[in-house]
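Spelled out, the chains give:
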Amino acid sequence: KAGVTQTPRYLIKTRGQQVTLSCSPISGHRSVSWYQQTPGQGLQFLFEYFSETQRNKGNFPGRFSGRQFSNSRSEMNVSTLELGDSALYLCASRGGTSGSNEQFFGPGTRLTVL
Amino acid sequence: AQTVTQSQPEMSVQEAETVTLSCTYDTSESDYYLFWYKQPPSRQMILVIRQEAYKQQNATENRFSVNFQKAAKSFSLKISDSQLGDAAMYFCAYGGATNKLIFGTGTLLAVQP
């Protein structure tokens, strides 16, 4: 089974621009979660999608948004980029619906905002 | 709100020796899961071991085992017979009713040959 894939792997943007990151979960997995990883704040939960519905949301401003498609692929969008948005963005997929199931992580997208 | 604390930013162990990484958490939930994730320099996060809170028996996975003390809200990871490939950042994580993972700040493990 192919693992979680994320594209692109690296991005460089300038302040004020917007960016879209993509995540393809493991085949059959319907839950996709997004996390932001920075040296200062560590790993923080952004949001979770399940069957095209946002099921949970972390404490991030409205500039951060996401969506999920019928094939479970997910995208996250960050508008009006700020320097502090520079981070590794990790996507994770899960097969079940409860918190007990393992989350499988992708390799991440490294976003640099200049 | 749930919190996860890892008090050891860095640890070092000699190859073939045993090392224990510490983790404490706080929660008011009765049903939850605890995880240890490993993030090598390549950045791919992988699950090392998982513990269900309702199980008294400590989880083990080959050279990896946990010491789960529910009353003390402690969840430490023991790595036996350490190998060079064990060098990585290790994150303790909590998974509760909301399905999101709450991570600790991580422990960077170095393995000395």
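Every value quoted in this text rests on a predicted model; they were computed, and no experiment measured them.

Scoring rules and cut-offs
- Residues numbered from 1 in each chain as written.
- Chains lettered and ligands numbered in written order.
- Predicted model: local features only at pLDDT ≥ 70, side-chain atom pairs only at ≥ 80, totals over all residues.
- Heavy atoms only, no water.
- Helix = DSSP H or I, 4+ residues; strand = E, 2+ residues; numbered from the N terminus.
- Contact = heavy atoms within 4.5 Å.
- Pairing = 2+ DSSP bridges.
- Axes fitted to C-alpha atoms, helices over the stretch in contact; angles between N-to-C directions.
- Phe/Tyr/Trp six-rings, centres within 6.5 Å; stacked < 30°, edge-to-face > 60°.
- Buried < 20%, exposed > 50% of the residue type's maximum accessible area, 1.4 Å probe, protein only.
- Core = buried A, V, L, I, M, F, W, Y, C linked by side-chain atoms within 4.5 Å.
- Disulfide = S-S within 2.5 Å.
- Buried area = accessible area lost by both parts, 1.4 Å probe.
- Polar contact = N/O pair within 3.5 Å; in protein donor to acceptor, adjacent residues only side chain to side chain.
- pLDDT = per-residue confidence, 0-100.

Let's shift gears to the side chain of S65(B). As for its placement among the helices and strands, S65(B) is situated in strand β8 (residues 64–69). In contact with S65(B), not counting residues within four places along its chain, are I49(B), A59(B), T60(B), S76(B), L77(B) and K78(B).

All names here are of chain A. With respect to topology, four strands assemble into an open sheet ordered β1-β3-β8-β7, the strand pairing being antiparallel. Edge positions in the sheet fall to β1 (5–7) and β7 (64–68), since each has one partner strand and no second. Going across the sheet, the axis of each strand differs from the next one's by a mean of 20°, ignoring polarity. Both strand β3 (residues 19–24) and strand β8 (residues 74–78) contribute to a ladder of five bridges, which runs antiparallel. Within β8, the residue paired with S22 across the bridge is E75.

Let us look at the packing of aromatic side chains. How two aromatic rings sit relative to each other is given by the distance of their centres and the angle of their planes. Evaluated as defined, the whole model comprises 15 aromatic pairs over all chains. The interplanar angle of 45° and the centroid separation of 5.7 Å between the aromatic rings of Y35(A) and F105(A) together place this pair among those described as tilted. On the criterion of sequence distance, the pair formed by Y35(A) in strand β4 (residues 31–38) and F105(A) in strand β10 (residues 104–105) is long-range, its members being 70 residues apart. Both residues of the pair, Y35(A) and F105(A), count as buried. Judged by centre distance (6.4 Å) and plane angle (35°), the ring pair of Y25(B) and Y94(B) falls under tilted. In this pair, Y25(B) is assigned in strand β4 (residues 24–26) and Y94(B) in strand β10 (residues 88–95), connecting sequence segments 69 residues apart. Each member of the pair, Y25(B) as well as Y94(B), carries the same accessibility label: buried. Each residue in the set Y35(A), F45(A), F105(A), F35(B), Y37(B), F91(B) and F103(B) is aromatic and connected to the rest through ring pairs, giving one cluster.

Ranked by internal contacts, the top residues of the largest apolar core, which has 26 residues, are Y25(B), W36(B), F75(B), L77(B) and Y90(B). Counting residues per element, the ones that place at least two in this core are β3 (19–21), β5 (33–39), β6 (46–52), β8, β9 (74–79), β10 and β12 (107–112) of chain B. Counting residues per element, this core draws most heavily on β10(B), which supplies four residues. When residues no more than four places from it in sequence are discounted, the contact partners of F75(B) are C23(B), Y25(B), L34(B), F35(B), W36(B), Q51(B), V66(B), N67(B), F68(B) and C92(B). One finds V19(A), C23(A), F47(A) and Y49(A) within the second-largest nonpolar core, a separate group that totals 21 residues.

The next subject is the state of the cysteines. Residue and element names in this part refer to chain A. Per the stated rule, a full pass over the model turns up two disulfides over all chains. Note that C23 is cross-linked by a disulfide to C91, the S-S spacing being 1.7 Å. Because the sign of the S-S torsion sets the handedness, a value of about -50° for the bond joining C23 and C91 places this disulfide among the left-handed ones. With C23 in strand β3 and C91 in strand β9 (residues 87–94), this residue pair connects regions lying 68 residues apart in the sequence.

Note on interface size: it is often stated as the accessible area lost on association of the parts. Of the residues lining the interface, 16 residues belong to chain B; the matching set on chain A comes to 21 residues. Its largest share of buried area at the contact with chain A, chain B owes to R43(B), M45(B) and N99(B), together 33% of the area lost on that side. On inspection of chain B and its partner chain A, the count reaches five residue pairs in polar contact (both at pLDDT 80 or more). A per-element tally of the side of chain B that touches chain A places β5(B) first, with four residues.

The subject of this paragraph is the confidence of the model for chain B. Overall, the predicted model of chain B reaches an average pLDDT of 93, with 100% of residues at or above 70. Within chain B, the element-level pLDDT minimum falls on strand β7 (residues 60–61) of chain B, averaging 88, and the maximum on β3(B), averaging 98.

What follows deals with the environment of A59(B). Residue and element names in this part refer to chain B. Structurally, A59 can be placed in the loop between β6 and β7. Overall, A59 belongs to the buried group, its relative accessible area being 16%. When neighbours within four sequence positions are excluded, A59 is seen to be in contact with I49, R50, Q51, F64, S65 and V66.

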